[in-house]
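The chain contents come next:
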Amino acid sequence: MVISIDQSKCSRCRMCIEICPVGAIEEKDLIMVDMFRCIKCRSCVVACPSKAIVIK
Ligand code: SF4
Ligand code: SF4
């Protein structure tokens with residue numbers, strides 16, 4: 001299972017960064033998920049107002 005961000009939908013609101021309990025999401029050039037830190041809690045998927053975060 002991989003959490004991925006559809007960059008074409010992401011508005012860079014940073015809500016996912018605020019909500020992630022383990023600090024796995026960072027803003028670099030793009031909003032990125034560090035899958036080594038991610039505990040697959042899905043909080044970011046639910047929180048994203050743009051429905052830009054998908055689980056594969
Ligand atoms: S919550 Fe969604 S729209 Fe906002 S920065 Fe994260 S991925 Fe992008
Ligand atoms: S699924 Fe949970 S742990 Fe993983 S990036 Fe999203 S909020 Fe963070």
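So, how was this worked out
- Residues numbered from 1 in each chain as written.
- Chains lettered and ligands numbered in written order.
- Predicted model: local features only at pLDDT ≥ 70, side-chain atom pairs only at ≥ 80, totals over all residues.
- Heavy atoms only, no water.
- Near = heavy atom within 4 Å.
- Nonpolar A, V, L, I, M, F, W, Y, C, P; charged D, E, K, R; others polar.
- Core = buried A, V, L, I, M, F, W, Y, C linked by side-chain atoms within 4.5 Å.
- Buried < 20%, exposed > 50% of the residue type's maximum accessible area, 1.4 Å probe, protein only.
- Contact = heavy atoms within 4.5 Å.
- Salt bridge = Lys/Arg side-chain N within 4 Å of Asp/Glu carboxyl O.
- Helix = DSSP H or I, 4+ residues; strand = E, 2+ residues; numbered from the N terminus.

By the naming in an unreviewed UniProt entry, the protein goes by 4Fe-4S binding protein and is assigned to Crassaminicella indica.

Caption draft 1: Focus on the site of ligand 1. Neighbouring ligand 1 are 13 residues; C10, C13, R14, C16 and C48 lie closest to it. Across the shell around ligand 1, the residue classes tally to 9 nonpolar, 2 polar and 2 charged.

Caption draft 2: The nonpolar core, seen in detail. One finds I3, C16, I17, I25, I31, C44 and I53 to be the most contacted residues of the largest nonpolar core, which totals 13 residues. Leaving out residues up to four positions away in the same chain, I17 has contacts with I25, E26, E27 and I31.

Caption draft 3: Layout of the pattern of salt bridges. All chains considered together, the criterion is met by 5 salt bridges. Residue E27 is joined to R12 by a salt bridge in which the shortest nitrogen-to-oxygen separation is 4.0 Å. Of this pair, E27 sits in strand β2 (residues 25-27) while R12 sits in the loop between β1 (3-5) and α1 (15-19), placing them 15 residues apart in sequence. Residue classification places E27 among the partly exposed positions, given a relative accessible area of 33%. The salt bridge involving E27 is made with R14; its shortest N-O contact spans 2.2 Å. In this pair, E27 sits in strand β2 while R14 sits in the loop between β1 and α1, placing the two residues 13 residues apart along the sequence. Here the residues in one salt-bridge network are E26, K28, D34 and R37, joined through shared partners.

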